[in-house]
Amino acid sequence: MKNTPPQPLITVTNLTMAYDSFVLQRDLNFTIQRGDIFVIMGNSGCGKSTLLRHMIGLKEPAAGTIHFRDADFWAASEGQRSQIMRRCGILYQSSALLSSMTLAENVALPLRQHTTLAPDEIADLVSLKLRLVGLAGFDGFYPSEISGGMKKRAGLARAIALDPEILFFDEPSAGLDPISARLLDDLILELRDSLGATIVIVTHELASIFAIGSDSIFLDADSHTMIAQGAPQALLASTTNRKVKQFLTRGGSV
Amino acid sequence: MERRGTVEAEKKESDLCLHFKGQWIIGSAFPTFIEIKALFSGSIDSISFDTKELQDWDSRFLIVLSDIKNHATLNTLLFVADGLPAGVQRLLTLASASPERPPFKPEDRNQSFLETVGSKTSHLIEDSRDILSFTGTITLSYLRLFSGKAQFLRSDFLYFLEECGPMALPIVSLISVLVGVILAFVGAVQLQMFGAEIYIANLVGLGMTREMGAMMAAIIMAGRTGAAFAAQLGTMQVNEEVDALQTMGIDPTDFLVLPRLSALLLMMPLLALWADLLGIGGGFIIARLTLDISMVEYYNQTIAAVTLRHFGVGLFKAIIFGYLVAFSGCLRGMQCGRSASAVGNAATSAVVTAIVLIVVSDAVMTVIFNILHI
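Computed from a predicted model, the values in this text were never measured in an experiment. (Residues numbered from 1 in each chain as written. Chains lettered and ligands numbered in written order. Predicted model: local features only at pLDDT ≥ 70, side-chain atom pairs only at ≥ 80, totals over all residues.)

Q: Hey, could you go over the sheet that holds strand 8 (residues 198-202) of chain A for me, with residue numbers and the actual values?
A: Residue and element names in this part refer to chain A. Ordered by their spatial adjacency, six strands build an open sheet running 6-7-8-3-9-10, and the pairing between neighbours is mixed. Of all strands in the sheet, those with a lone pairing partner are strand 6 (88-91) and strand 10 (225-229), marking the two edges. Going across the sheet, the axis of each strand differs from the next one's by a mean of 20°, ignoring polarity. Sheet analysis places strand 6 next to strand 7 (residues 166-170), joined by four bridges and oriented parallel. Pairing of cysteine 88 across the sheet is with isoleucine 166, part of strand 7. (Pairing = 2+ DSSP bridges. Helix = DSSP H or I, 4+ residues; strand = E, 2+ residues; numbered from the N terminus. Axes fitted to C-alpha atoms, helices over the stretch in contact; angles between N-to-C directions.)

Have a look at this one:
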């Protein structure tokens, strides 16, 4: 958690994603720098979430490579891959909290799996994480007993349980009211700054994209590849591509 | 190399400065808060920090610090955070600012024995009421159906007919042949002692047609189709599909329950009949192999023993069982909660309910038929 000069953390080279013979996206090339808040955007069905699934080890690329620092993620052995994944935290679209466990047990799960800490030390960490996301005192609640926004934050607490280097978010503000979404954005920024984590975020929430994104790519569903890359604000000012402009202005001035 | 973190206390007038050094992370060894507290000696007004030699930190460092901060607040000491890394300061603020309070206490999950008995009992009463009210709902649905007002998809109905009938044949066949074999084996040993081997045909024939054919088919269908009904309807509850039907002005019971229930009601007697025949066949295999009874003998004996009346009893039971299986599946599915685990519970509960109802109703019917000499 010390400051180091910018360096490529994730490098994606010539990535092709396909479901059987259906090619979703091809020739994706981009680099995520340390400390970035990297936004993956695009219209519904263009493969944003699928790209995320490739980066977190849930789906193997049809072609191309994904490097974490110098390690080729998909060429690595199962054990090495799980070592890399240990340094990643993931917040799923629907929070994906295990419904049979309390919030505290949910957050404790990765700690129990990956560390040799004693139960009382784990309990301390869990209560800290829940406090960080503003859920102090909710330890004994089950996911079905709290609201959607709280579930998102509990999912975030689980994602940061192991102090990850990289945080992946899939549609973090989906299903939240604007104020909760804004608070979640603030929390993400705050955690990025204080934990020194790199953040990869899949979203089509314009407000979030402009508020927090420091770099981005735009995936296009028709041409099956990325058609723009850069900081969202700069992209809005400079892009000449009609689709990207339309997307960033909510279909407004073209 | 073992990673470790250390701390040294330095007292300047009334200020205590803690010098953190080394690695304060998960997996490294460092002093606990209790050990650090022992350093707070004498009268001090404030605690400050020096982290120039701190190499690495993570959440465990935060825990130690928030303990120190708590201690400072309790003893009205000044907590001077300036010497801490910026990230740590911000996280400490974030952790102590917790606007939200639980709206209610999660209910106490450690119930005493008496409480458990009480809640189970009241749950049982509620459940019986649900069963009755669902029976009423279904009756009303059928009334609507016969007066031509209920609507469901013909394709749905045909699909469930296929699902409950032809698709279930292989497993029903296998089980009923084996049940016939088992009945024959059990009987063979006993009947041989009296030299009454030929009555094996009566035993298997009556056993299959009156009891086992319908019963085994029903139990298979409870596991196969009843559970599937509960899971389908439960998933539709979770996805709010049932709500959607209701708001579109379509009665969910008409649309979802009627095709399933009707299909199983129609198919169950046919399956039972098929199970009867295969069971008798299974009995014959054993009679032929172990008792050396010829096919004609076995056939004649069976025809003489099993009359249409016995088939009637079995088929009547099959209709009742079919209703109970579909009823339990649909009931548990429609009652299903809104989470993934609720769907699993609904499927399990559907099978258990169906089997309990099948066996209880079978016992009742057997006693009644016996009294009526049917």
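Q: Help me get a handle on the pairing of strand 10 of chain A, residues and values and all.
A: Residue and element names in this part refer to chain A. Of the pairings in the sheet, the one linking strand 9 (residues 215-220) to strand 10 comprises four bridges and is antiparallel in character. The partner of isoleucine 217 across the bridge, within strand 10, is glutamine 229. Taking the residues that link successive antiparallel strands as the turn, the strand 9-strand 10 hairpin has four residues, and the phi of histidine 224 there is positive, at about 55°.

Q: An account of the interface of chain A and chain B is needed here, citing residue identities and associated values.
A: Taken together, the contact between chain A and chain B spans 25 residues of the former and 24 residues of the latter. Where the side of chain A that touches chain B is concerned, the elements lending two or more residues are helix 4 (119-132) and helix 6 (178-195) of chain A. No other element matches helix 4 of chain A, which puts five residues into the side of chain A that touches chain B. Its residues assigned to classes, the side of chain A that touches chain B shows 10 nonpolar, nine polar and six charged. (Contact = placed C-beta atoms within 7 Å. Nonpolar A, V, L, I, M, F, W, Y, C, P; charged D, E, K, R; others polar.)

Q: Run through the domain arrangement of chain A, naming residues and quoting values.
A: Residue and element names in this part refer to chain A. Assigned domains of chain A: these are domain 1 (1-87 + 166-249) and domain 2 (91-163). For domain 1 and domain 2, the distance between their C-alpha centres works out to 24 Å. Taken together, the contact pairs 14 residues of domain 1 with 12 residues of domain 2. For the side of domain 1 that touches domain 2, the elements supplying multiple residues, two or more each, are strand 7 and helix 6. In terms of residues, the side of domain 1 that touches domain 2 owes the most to one element, helix 6, which gives five residues. Considering only residue class, the side of domain 1 that touches domain 2 consists of nine nonpolar, two polar and three charged. (Domains from an automatic or database assignment.)

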